[in-house]
Amino acid sequence: MTDCWNTDTGEAVYRSRDAIKNLRIKVRIERVTSTSALSQHLQQQFLSRQDRGAIELETLSSQGQTGDNEEELVVGWQEKFFSQYEMELFQNEAACQTPLDRQYHTEVKALNRGKGRRNRRIFTYSDHDRYTSCLPLHQLHATDIFTTKSNPTFLAERMASVRHRRQERRTMDSSVPKSKIINWEPTEEFVRSRHVVNNVMQTMHIMGDLGPSFTFLEHVVCTLSGVMFVLLCRIVTEGERREVWRLTVENVSGSMKPEDKVREQNMYKDLYIRHKEYLNSLVGQDFEMPPLGILRYMMNGEIVSAQGFEYDNLYIHFFMELPNNWSSRPFQSMSGVTQTCRTKTLGKVSFFSYPFNFEAFYMTEKESDLPQWPVLYFKVLSLDSWQRYRTEGYGYLLFPAMPGKHTMTCHTWRPLQMGTVSALRRFFIGGSPELEDHSYVRIPGTFKGERLSRFGFCTETTGSVTFNLNCIQQARAFVDTAMLKKRRQRVFDQLGGFSQQGAVCTILEAFQRARKKMQEARKSLPQDLISSENHVSMF
């Protein structure tokens, strides 16, 4: 009998954007016996046959034997169905201690006066039931259910213990507990067990009473908590009679009408438009623009790290240089110094994560001139515990011409003085040759010659520095609108008043037609005339 079962049923989570209050699901539980399993197997084989004709399997179907063996119930969100145990409990008014218990007492009395409850084995625990928070974690996950590796995670265990905090503090007599709500001196164990992400949500459990008659043996069928956690599998009960139950959950929520769907789409569209207008009102339409003919250059940078240098305890001194036709604001800082970084192991990477920002303006009267971009010069130094300063390297960074994000690594060098005395001085008392002008790393801005000679200047390659740059460029080009319209209209008039949209295509087509006419006229000319023309000009 068990060979017909697929044990790899697993667990499923169904998510929906619709309101969960409209959810209605059909729950069906069925006791699996040898007769029902054989009947179902034969029916499946019969239905798969092509020539089934008018054969009926009514003799193999279990008629009149459903009773306690199966039950089907449609359940809505937070809809309460009482179990037999709750019916007996809430009949006694003395057992009702909370307002919710008294409400259930009234509902149970109404059911007893009427036709009674329409459910037998399937019942529910709503979010406000005290049994919901009392269900242990192993029972919520039903460890006796044969699913594939459905062990609860550490986060699930912590969430199960803190999900209903307001209900855990609720006493049986509805009194306020005297324990401290705020723990001013939490221990490490308290922090480990209590500091868990806990979103406020409602939960509902659909249960099944799978025990024999006049007994109560509850099992979780599915859990609803904004998302639907469903167990589509079989359950084997414990005890002398190990019974097998099959669970089926089906979504039977009413479908939305076409006019309601259109109304909902229009509502969402109107909501998105209003939200967009709200964001536009916060941002505004009047962006700060530079004057006409001026390029605005903004950069947010970061000195990330340095590596490959000889000594530890590194720090970086840097400054910006503006070429001709560039200017900055009066309060703009043009230089800076990072913190001193000491690595745990010599030769490791020194991380600075030092942010800086820069803003400059470029203006020129000649539109054909391309701008020379600003330059960042930097010097890497080291300072040890004996206050010995050493120059570790010089380098420069040319600001990117393209806007966007850039990650750049700049290699450095330092001046080298030949001889043993300079090396001993650097090792024992610090100090080393330095550049009087830091712009000598590149080509100094004050240099007016054609070629810079560094003959006889000795350097040593040291390490590298990494930068992260985010650049923004903003410009308003100066355009004579009236002159541009006159030129455009003159071209259109020459082309016979063509439209502006197809102006470029029309020009190309006219050029192709003229070229084709020239080639046809050339073919009609005598060969001796064509050869004489080739000496004069080429087409």
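Just so it is clear, the model here is predicted, and its values are computed rather than measured.

What follows covers the pairing of strand E18 (residues 459-475). Here strand E10 (residues 294-307) runs beside E18; their pairing, made up of 12 bridges, is antiparallel. Paired with Asn300 across the strands is Asn470, a residue of E18.

Moving on, we come to the nonpolar core. Judged by nonpolar contacts, the single largest core of 28 residues is most densely connected at Leu376, Phe378, Val465 and Phe467. Elements that contribute at least two residues to this core include exactly E10, strand E11 (314-321), strand E14 (350-363), strand E15 (375-383) and E18. If we ignore the near neighbours within four places in the chain, the residues touching Phe378 are Ile316, His317, Phe318, Gly393, Tyr394, Gly395, Tyr396, Leu397, Cys410, Thr412, Val465 and Phe467. Of all hydrophobic cores here, the second largest spans 18 residues; its members include Val75, Leu210, Leu247 and Val249.

Okay, the side chain of Ser350 next. Here Ser350 shows up in strand E14. Not counting residues within four places of it along the chain, the set of residues in contact with Ser350 comprises Val304, Ser305, Ala306, Asp312, Leu314, Cys341 and Thr343.

Let us look at a nonpolar patch on the surface. A surface patch of nonpolar side chains, about 640 Å² in accessible area, is lined by Tyr278, Leu279, Leu282, Val283, Phe287 and Met289. Positionally, Phe287 belongs in the loop between helix H9 (258-283) and E10. By relative accessible area, Phe287 is classed as exposed at 56%.

Here we take up the side chain of Ser422. Along the chain, the position of Ser422 falls in helix H10 (residues 420-428). For Ser422, a relative accessible area of 12% translates into the label buried. Setting aside its immediate chain neighbours within four residues, Ser422 contacts Gln417 and Pro433.

Considering the arrangement of structural elements, one finds Val27 in strand E2 (residues 24-32). Along the chain, Val27 and Val249 lie 222 residues apart, while their C-alpha atoms are 4.7 Å from each other. In contact with Val27, not counting residues within four places along its chain, are Glu71, Glu72, Leu73, Ile122, Ile206, Val221 and Thr248.

A separate point is the pattern of salt bridges. Inspection of the entire model under this criterion finds 17 salt bridges. Residue Lys26 is joined to Glu72 by a salt bridge in which the shortest nitrogen-to-oxygen separation is 3.9 Å. Of the two residues, Lys26 is situated in strand E2 and Glu72 in strand E3 (residues 70-76); the sequence distance between them amounts to 46 residues. With relative accessibility at 45%, the residue Glu72 sits in the partly exposed group. We note a salt bridge from Arg426 to Glu310, for which the minimum N-O separation is 3.3 Å. One end of the pair, Arg426, is in helix H10; the other, Glu310, is in the loop between E10 and E11, and 116 residues separate them in sequence.

Taken as a whole and judged by the stated rule, the model has 19 aromatic pairs. Measuring from centroid to centroid gives 5.2 Å for Phe82 and Tyr104, while their planes differ by 85°, and the two rings are edge-to-face. One end of the pair, Phe82, is in the loop between E3 and helix H2 (84-90); the other, Tyr104, is in helix H3 (residues 99-113), with 22 residues separating them in the sequence. Taken individually, Phe82 and Tyr104 each receive the classification buried, so the pair is uniform in this respect. Considering the side-chain rings of Phe358 and Phe399, the 5.3 Å spacing of their centres and the 80° angle between planes classify their relative orientation as edge-to-face.

Rules used in this analysis
- Residues numbered from 1 in each chain as written.
- Predicted model: local features only at pLDDT ≥ 70, side-chain atom pairs only at ≥ 80, totals over all residues.
- Heavy atoms only, no water.
- Pairing = 2+ DSSP bridges.
- Helix = DSSP H or I, 4+ residues; strand = E, 2+ residues; numbered from the N terminus.
- Core = buried A, V, L, I, M, F, W, Y, C linked by side-chain atoms within 4.5 Å.
- Buried < 20%, exposed > 50% of the residue type's maximum accessible area, 1.4 Å probe, protein only.
- Contact = heavy atoms within 4.5 Å.
- Patch = residues over 30% accessible without salt bridge, like charges linked within 9 Å, V, L, I, M, F, W, Y side chains within 5 Å.
- Areas by Shrake-Rupley, 256 points an atom, 1.4 Å probe, with all protein chains shown as cover.
- Salt bridge = Lys/Arg side-chain N within 4 Å of Asp/Glu carboxyl O.
- Phe/Tyr/Trp six-rings, centres within 6.5 Å; stacked < 30°, edge-to-face > 60°.

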